[in-house]
Amino acid sequence: MYSFFLTLSKLMAWLGGAMLTALILMVCLSVLGREVNGIVHTDWFVAVAPGLSRWLLDLGVGPVNGDFELVESGIAFSIFAFLPLCHLTGGHATVDVFTNYMSERVNKALRLVTDITFAGVMVLIAWQLWLGMVSKRSSGQTTFLLEMPVWWAYALSMTGAVVSAVVACYIAAARLREAMSGRVVLPSDLGADH
(Lines give C-alpha, C1' and ligand atoms only; values in the text may rest on other atoms or scores of the structure.)
Protein backbone atom coordinates (compact mmCIF):
# COMPACT_ATOMS: atom_id res chain seq x y z
CA MET A 1 0.00 0.00 0.00
CA TYR A 2 2.79 2.41 0.85
CA SER A 3 4.29 2.21 -2.65
CA PHE A 4 0.87 2.92 -4.21
CA PHE A 5 0.37 6.01 -2.04
CA LEU A 6 3.95 7.11 -2.65
CA THR A 7 3.43 6.87 -6.42
CA LEU A 8 0.11 8.71 -6.18
CA SER A 9 1.70 11.41 -4.01
CA LYS A 10 4.60 11.85 -6.43
CA LEU A 11 2.17 12.14 -9.35
CA MET A 12 0.24 14.84 -7.50
CA ALA A 13 3.50 16.66 -6.68
CA TRP A 14 4.48 16.56 -10.37
CA LEU A 15 1.08 17.96 -11.33
CA GLY A 16 1.42 20.67 -8.68
CA GLY A 17 4.90 21.49 -9.94
CA ALA A 18 3.69 21.67 -13.54
CA MET A 19 0.88 24.01 -12.48
CA LEU A 20 3.30 26.18 -10.50
CA THR A 21 5.73 26.33 -13.44
CA ALA A 22 2.94 27.31 -15.82
CA LEU A 23 1.80 30.04 -13.41
CA ILE A 24 5.33 31.40 -13.05
CA LEU A 25 5.75 31.56 -16.83
CA MET A 26 2.35 33.22 -17.21
CA VAL A 27 3.15 35.85 -14.55
CA CYS A 28 6.52 36.58 -16.19
CA LEU A 29 4.82 36.91 -19.57
CA SER A 30 2.16 39.16 -18.06
CA VAL A 31 4.71 41.43 -16.38
CA LEU A 32 6.77 41.60 -19.58
CA GLY A 33 3.64 42.34 -21.62
CA ARG A 34 2.62 45.08 -19.18
CA GLU A 35 6.07 46.69 -19.41
CA VAL A 36 6.20 46.51 -23.23
CA ASN A 37 2.68 47.92 -23.40
CA GLY A 38 3.72 50.80 -21.17
CA ILE A 39 6.78 51.51 -23.31
CA VAL A 40 4.92 51.48 -26.66
CA HIS A 41 2.37 53.91 -25.22
CA THR A 42 5.01 56.53 -24.36
CA ASP A 43 5.11 59.68 -26.46
CA TRP A 44 8.80 59.09 -27.22
CA PHE A 45 8.22 55.58 -28.63
CA VAL A 46 5.20 56.68 -30.66
CA ALA A 47 7.29 59.55 -32.11
CA VAL A 48 10.34 57.38 -32.89
CA ALA A 49 8.58 54.25 -34.20
CA PRO A 50 4.90 54.96 -34.84
CA GLY A 51 4.43 51.94 -37.12
CA LEU A 52 6.01 49.52 -34.63
CA SER A 53 4.04 51.06 -31.80
CA ARG A 54 0.75 50.67 -33.67
CA TRP A 55 1.66 47.11 -34.80
CA LEU A 56 2.52 45.97 -31.24
CA LEU A 57 -0.65 47.52 -29.84
CA ASP A 58 -2.76 45.93 -32.59
CA LEU A 59 -1.05 42.63 -31.84
CA GLY A 60 -2.42 42.90 -28.31
CA VAL A 61 0.86 43.20 -26.43
CA GLY A 62 0.03 43.71 -22.79
CA PRO A 63 -0.60 41.86 -19.56
CA VAL A 64 -2.29 38.46 -19.63
CA ASN A 65 -5.99 39.10 -19.16
CA GLY A 66 -7.20 37.66 -15.85
CA ASP A 67 -3.75 36.61 -14.72
CA PHE A 68 -4.57 37.06 -11.04
CA GLU A 69 -7.70 34.91 -11.41
CA LEU A 70 -5.62 32.10 -12.88
CA VAL A 71 -2.95 32.49 -10.19
CA GLU A 72 -5.55 32.24 -7.42
CA SER A 73 -6.97 29.01 -8.81
CA GLY A 74 -3.66 27.45 -9.74
CA ILE A 75 -1.85 28.20 -6.49
CA ALA A 76 -4.66 26.64 -4.45
CA PHE A 77 -4.38 23.44 -6.51
CA SER A 78 -0.57 23.42 -6.21
CA ILE A 79 -0.72 23.66 -2.43
CA PHE A 80 -3.12 20.73 -2.16
CA ALA A 81 -1.11 18.78 -4.76
CA PHE A 82 2.10 19.03 -2.70
CA LEU A 83 0.48 18.04 0.61
CA PRO A 84 0.25 14.25 0.06
CA LEU A 85 3.97 13.79 -0.65
CA CYS A 86 4.93 16.19 2.11
CA HIS A 87 2.79 14.31 4.63
CA LEU A 88 3.74 10.83 3.46
CA THR A 89 7.46 11.54 3.67
CA GLY A 90 7.27 13.46 6.95
CA GLY A 91 8.32 16.68 5.26
CA HIS A 92 6.14 19.00 7.35
CA ALA A 93 7.98 21.54 9.42
CA THR A 94 8.14 20.46 13.03
CA VAL A 95 9.06 22.22 16.24
CA ASP A 96 10.73 19.61 18.40
CA VAL A 97 12.07 21.77 21.22
CA PHE A 98 10.10 19.78 23.81
CA THR A 99 9.62 16.47 22.03
CA ASN A 100 13.38 15.87 21.80
CA TYR A 101 13.37 15.38 25.58
CA MET A 102 10.38 13.02 25.62
CA SER A 103 10.52 9.27 25.37
CA GLU A 104 10.04 7.41 22.08
CA ARG A 105 6.71 6.11 23.37
CA VAL A 106 5.39 9.62 24.03
CA ASN A 107 6.64 10.79 20.62
CA LYS A 108 4.84 7.88 18.91
CA ALA A 109 1.64 8.78 20.76
CA LEU A 110 1.99 12.43 19.73
CA ARG A 111 2.62 11.38 16.12
CA LEU A 112 -0.51 9.22 16.21
CA VAL A 113 -2.63 12.07 17.56
CA THR A 114 -1.28 14.58 15.04
CA ASP A 115 -1.72 12.15 12.13
CA ILE A 116 -5.32 11.41 13.13
CA THR A 117 -5.99 15.13 13.57
CA PHE A 118 -4.40 15.94 10.21
CA ALA A 119 -6.52 13.27 8.51
CA GLY A 120 -9.68 14.68 10.09
CA VAL A 121 -8.79 18.22 9.04
CA MET A 122 -8.04 17.13 5.47
CA VAL A 123 -11.35 15.26 5.22
CA LEU A 124 -13.13 18.37 6.54
CA ILE A 125 -11.35 20.62 4.02
CA ALA A 126 -12.15 18.26 1.14
CA TRP A 127 -15.80 18.12 2.25
CA GLN A 128 -16.03 21.92 2.50
CA LEU A 129 -14.49 22.28 -0.96
CA TRP A 130 -17.11 19.83 -2.26
CA LEU A 131 -19.90 21.89 -0.70
CA GLY A 132 -18.38 25.11 -2.04
CA MET A 133 -18.07 23.61 -5.51
CA VAL A 134 -21.69 22.48 -5.52
CA SER A 135 -22.82 25.90 -4.29
CA LYS A 136 -20.77 27.81 -6.88
CA ARG A 137 -21.90 25.50 -9.67
CA SER A 138 -25.58 25.94 -8.83
CA SER A 139 -25.23 29.72 -8.53
CA GLY A 140 -23.47 30.02 -11.89
CA GLN A 141 -20.94 32.46 -10.42
CA THR A 142 -18.05 33.37 -12.74
CA THR A 143 -14.79 35.25 -12.34
CA PHE A 144 -14.76 38.95 -13.15
CA LEU A 145 -12.41 39.19 -16.14
CA LEU A 146 -12.27 35.73 -17.70
CA GLU A 147 -15.85 34.87 -16.79
CA MET A 148 -14.62 31.41 -15.92
CA PRO A 149 -17.00 29.40 -13.72
CA VAL A 150 -15.77 29.69 -10.13
CA TRP A 151 -16.65 26.06 -9.44
CA TRP A 152 -13.78 24.99 -11.75
CA ALA A 153 -11.27 26.35 -9.23
CA TYR A 154 -13.10 24.57 -6.41
CA ALA A 155 -13.07 21.31 -8.38
CA LEU A 156 -9.36 21.63 -9.08
CA SER A 157 -8.53 22.31 -5.42
CA MET A 158 -10.91 19.61 -4.26
CA THR A 159 -9.06 17.04 -6.38
CA GLY A 160 -5.83 17.78 -4.54
CA ALA A 161 -7.62 17.92 -1.19
CA VAL A 162 -9.29 14.54 -1.73
CA VAL A 163 -5.96 12.89 -2.54
CA SER A 164 -4.44 14.61 0.51
CA ALA A 165 -7.30 13.35 2.68
CA VAL A 166 -6.97 9.79 1.36
CA VAL A 167 -3.21 9.75 1.98
CA ALA A 168 -3.69 11.32 5.43
CA CYS A 169 -6.30 8.68 6.35
CA TYR A 170 -3.94 5.93 5.18
CA ILE A 171 -1.15 7.35 7.35
CA ALA A 172 -3.46 7.71 10.36
CA ALA A 173 -4.67 4.11 9.95
CA ALA A 174 -1.09 2.88 9.59
CA ARG A 175 -0.01 4.75 12.73
CA LEU A 176 -2.99 3.32 14.60
CA ARG A 177 -2.01 -0.15 13.42
CA GLU A 178 1.55 0.48 14.56
CA ALA A 179 0.32 1.55 17.99
CA MET A 180 -1.92 -1.49 18.38
CA SER A 181 0.50 -4.12 17.04
CA GLY A 182 3.81 -2.67 18.14
CA ARG A 183 5.18 -3.32 14.64
CA VAL A 184 6.52 -0.70 12.25
CA VAL A 185 4.14 -0.33 9.29
CA LEU A 186 5.36 2.87 7.70
CA PRO A 187 9.02 3.56 6.82
CA SER A 188 10.83 5.93 9.11
CA ASP A 189 10.03 9.57 8.40
CA LEU A 190 12.30 10.92 5.75
CA GLY A 191 11.84 14.48 6.92
CA ALA A 192 12.28 17.71 5.06
CA ASP A 193 16.04 17.29 4.49
CA HIS A 194 15.84 14.01 2.57
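Description of the structure in this document. Here the structure is a predicted model, which is why all the values come from computation and not from measurement. (Residues numbered from 1 in each chain as written. Predicted model: local features only at pLDDT ≥ 70, side-chain atom pairs only at ≥ 80, totals over all residues. Heavy atoms only, no water.)

## Observations regarding a nonpolar patch on the surface
For step 1, the next point in the chain: On the surface, a cluster of nonpolar side chains totalling about 600 Å² of accessible area is made up of Val95, Val97, Phe98, Met102, Val106 and Leu110.
For step 2, the next point in the chain: Along the polypeptide, Val95 turns up in the loop between α4 (67-88) and α5 (104-139).
For step 3, the next point in the chain: Using a relative accessible area of 74% as the deciding quantity, one classes Val95 as exposed. (Patch = residues over 30% accessible without salt bridge, like charges linked within 9 Å, V, L, I, M, F, W, Y side chains within 5 Å. Areas by Shrake-Rupley, 256 points an atom, 1.4 Å probe, with all protein chains shown as cover. Salt bridge = Lys/Arg side-chain N within 4 Å of Asp/Glu carboxyl O. Helix = DSSP H or I, 4+ residues; strand = E, 2+ residues; numbered from the N terminus. Buried < 20%, exposed > 50% of the residue type's maximum accessible area, 1.4 Å probe, protein only.)

## Quick word on the packing of helix α1 (residues 2-40) against helix α6 (residues 150-181)
For step 1, the next point in the chain: Following both chains from N to C, one finds α1 and α6 inclined at 155°, their axes separated by 11 Å at the closest point. Comparing the axis directions of α1 and α6 gives the class roughly antiparallel. Note that α1 runs across α6; the crossing there is left-handed. Taking contact as the criterion, the partners of Tyr2, Phe5, Leu8, Ser9, Met12 and Met19 in α1 are, on α6, Leu156, Thr159, Gly160, Val163, Val166, Val167 and Tyr170.
For step 2, the next point in the chain: A breakdown of the residues in the contact of α1 with α6 according to their chemical character gives ten nonpolar, three polar and no charged. (Axes fitted to C-alpha atoms, helices over the stretch in contact; angles between N-to-C directions. Parallel < 35°, antiparallel > 145°, perpendicular 65-115°, else oblique. Left-handed = near helix turned anticlockwise from the far one by under 90°. Contact = heavy atoms within 4.5 Å. Nonpolar A, V, L, I, M, F, W, Y, C, P; charged D, E, K, R; others polar.)

## Focus on the environment of Val71
For step 1, the next point in the chain: Along the chain, Val71 turns up in helix α4.
For step 2, the next point in the chain: Residue classification places Val71 among the partly exposed residues on the basis of a relative accessible area of 25%.
For step 3, the next point in the chain: When the C-alpha positions of Val71 and Ile24 are compared, they lie 8.8 Å apart, and in sequence the two are 47 residues distant.
For step 4, the next point in the chain: Residues contacting Val71, with those up to four places away along its chain left out, are Leu23, Met26 and Val27.

## Observations concerning the environment of Ala174
For step 1, the next point in the chain: Along the polypeptide, Ala174 turns up in helix α6.
For step 2, the next point in the chain: In this structure Ala174 comes out as buried when scored by relative accessible area, which is 5%.
For step 3, the next point in the chain: A C-alpha to C-alpha distance of 9.2 Å links Ala174 and Leu112, two positions 62 residues apart in sequence.
For step 4, the next point in the chain: In this view, Ala174 contacts Val185 and Leu186; residues no more than four positions away in its chain are not counted.

## Let's talk about the nonpolar core
For step 1, the next point in the chain: Judged by nonpolar contacts, the single largest core of 13 residues is most densely connected at Phe80, Met122, Leu129 and Ala161.
For step 2, the next point in the chain: Secondary-structure elements contributing two or more residues to this core are α4, α5 and α6.
For step 3, the next point in the chain: Per-element tally for this core: the top contributor is α6, with six residues.
For step 4, the next point in the chain: For Phe80, the residues in contact, after removing those within four places along its chain, are Met122, Ile125, Leu129, Ser157, Gly160, Ala161 and Ser164. (Core = buried A, V, L, I, M, F, W, Y, C linked by side-chain atoms within 4.5 Å.)

## Here we look at α4
Residue pairs spaced three or four apart in an α-helix point in one direction, given the helix's 3.6 residues per turn.
For step 1, the next point in the chain: Across its 22 residues, α4 extends 32 Å between first and last C-alpha, which sits within 8% of the 32 Å expected from 1.5 Å per residue.
For step 2, the next point in the chain: For α4, the complete set of buried residues consists of Asp67, Glu69, Ser73, Gly74, Phe77, Ser78, Phe80, Ala81, Leu83, Pro84, His87 and Leu88.
For step 3, the next point in the chain: The secondary structure elements touched by the buried residues of α4 are α1, α5 and α6.
For step 4, the next point in the chain: Phi for Gly90, located one or two positions after α4, is positive at around 70°. (Expected span 1.5 Å × (residues − 1).)

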